[in-house]
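Take a look at the letters that make up each chain.
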Amino acid sequence: MHEVKRRSLQLDSMRSEAMQARTYRELQVLVHDLRTPLTTIQGLASAMSGFSVSSVDARVHAQAISEAADRMDGMIGELLSGSARRPMSSAQFARRLAAHLPSEKTNRAVGMYIGSNLPQIEVNEIRLVRAVANLVDNALNAGSRNVDIRFERKGEFLALSVVDDGPGLSEEELDQCWEEGFSTKNSSGLGLSFVNQVVEEHGGTVYIENRSAVENVDSSASGDCGPAGVRCVIFIPEYDRGGV
């Protein structure tokens, strides 16, 4: 019984350490994301110092500063509460995601397709953006040359797909990829467990699979019959306006 109790305490301690590590990683990511609006605030505030009070440019910059500050406040609020969500269109969320994946960061490797008749969704923008961006980072770090992000309607769900042309995952990696701390690159990144957690917070589901070689023109042409990249699909339920 003493041994059982000792192991139980050890397991609780490991879970606590894992939670603290995950929280720390999320805070690191938040600090990185906060730098963009903060740089805007600092730069425009400096530019305004050379204008007169009546200057039109000063008013424009003041508006941009106000919007950047509001964005920072929203980011902090959404991080503090995973349940903090607000309605927005799928297209609007796609634009917010694109802003976090500039071409200079992705080396123009990321493309985005936004379908028609997309559903309204209710999301924690900051956390869901980080989850999708994490999938893109994983694909690029694995050596993918192209990553496609697709927004499509599937019944009463938004189907958000991240598809790459990388080396794919082994069966063992597919079995373990959702585990806390799992990485094929010994990375300290958020990992797929974070993606799964965020999707569950939104009442959605997520799955990952290897693409077949026939889906990839380059792999098919080379005669490679193995995996030709990875497809990860996130399903977010349509926002129920009836509850408002």
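Parameters and conventions
Residues numbered from 1 in each chain as written. Predicted model: local features only at pLDDT ≥ 70, side-chain atom pairs only at ≥ 80, totals over all residues. Heavy atoms only, no water. Patch = residues over 30% accessible without salt bridge, like charges linked within 9 Å, V, L, I, M, F, W, Y side chains within 5 Å. Areas by Shrake-Rupley, 256 points an atom, 1.4 Å probe, with all protein chains shown as cover. Salt bridge = Lys/Arg side-chain N within 4 Å of Asp/Glu carboxyl O. Lys, Arg positive; Asp, Glu negative; His and termini not counted. Charge placed at Lys NZ, Arg CZ, Asp CG, Glu CD. Helix = DSSP H or I, 4+ residues; strand = E, 2+ residues; numbered from the N terminus. Buried < 20%, exposed > 50% of the residue type's maximum accessible area, 1.4 Å probe, protein only. Contact = heavy atoms within 4.5 Å. Axes fitted to C-alpha atoms, helices over the stretch in contact; angles between N-to-C directions. Parallel < 35°, antiparallel > 145°, perpendicular 65-115°, else oblique. Left-handed = near helix turned anticlockwise from the far one by under 90°. Nonpolar A, V, L, I, M, F, W, Y, C, P; charged D, E, K, R; others polar. Pairing = 2+ DSSP bridges.

Colleague: Explanation requested: a negative patch on the surface in the structure shown.
Modeller: A surface patch of negative charge is lined by Glu171, Glu172, Asp175 and Glu179. Inspection of the secondary structure puts Glu171 in helix H6 (residues 171-176). The exposure class assigned to Glu171 is exposed, which follows from its relative accessible area of 58%.

Colleague: Can you help me understand the environment of Ile236 in this one?
Modeller: One can find Ile236 in strand E7 (residues 230-237). Between the C-alpha atoms of Ile236 and Glu200, which are 36 residues apart in sequence, the distance is 9.2 Å. Dropping the residues within four chain positions of it, Ile236 is found in contact with Ile121, Val123, Leu128, Glu156, Phe157, Leu158 and His202.

Colleague: Please clarify how helix H7 (residues 191-201) should be interpreted in this entry.
Modeller: Quick reminder: α-helices carry 3.6 residues per turn. Residues three or four places apart thus point the same way. Gly191, Leu192, Ser193, Phe194, Val195, Val198 and Val199 are the residues of H7 that are buried. One or two steps after H7, the chain reaches Gly203, where phi turns positive at roughly 70°.

Colleague: What should I look at first to understand the packing of helix H5 (residues 125-141) against H7 in this one?
Modeller: Helix packing for two helices is described by the angle between their axes and how far apart those axes are. Between H5 and H7, the shortest axis-to-axis distance is 9 Å and the interhelical angle comes to 150°. Put simply, H5 runs roughly antiparallel to H7. As H5 packs across H7, the resulting crossing turns out to be left-handed. Facing H5, whose interface residues are Arg127, Leu128, Arg130, Ala131, Asn134, Leu135 and Asn138, H7 presents Gly191, Leu192, Phe194, Val195, Gln197, Val198 and Glu201. In the contact of H5 with H7, the residues fall into 7 nonpolar, 4 polar and 3 charged.

Colleague: What is the right way to look at the sheet that holds strand E4 (residues 147-154) in this model?
Modeller: Backbone hydrogen bonds hold the strands of a sheet together, and the pairing may be parallel or antiparallel. Pairing is mixed across the open sheet formed by 5 strands, whose spatial order is E2-E4-E5-E7-E6. Bordering the open sheet on either side are strand E2 (110-114) and strand E6 (205-210), each of which pairs with just one other strand. This sheet shows a mean twist of 15° between the axes of neighbouring strands, independent of strand direction. Of the strand pairs in this sheet, E2 and E4 are connected by 5 bridges, and their pairing is parallel. In the sheet register, Met112 faces E4, and the bridge partner there is Ile149. Sitting on the sheet, H5 is in contact with E2, E4, strand E5 (157-164) and E7, with an inclination near 25° to E5.

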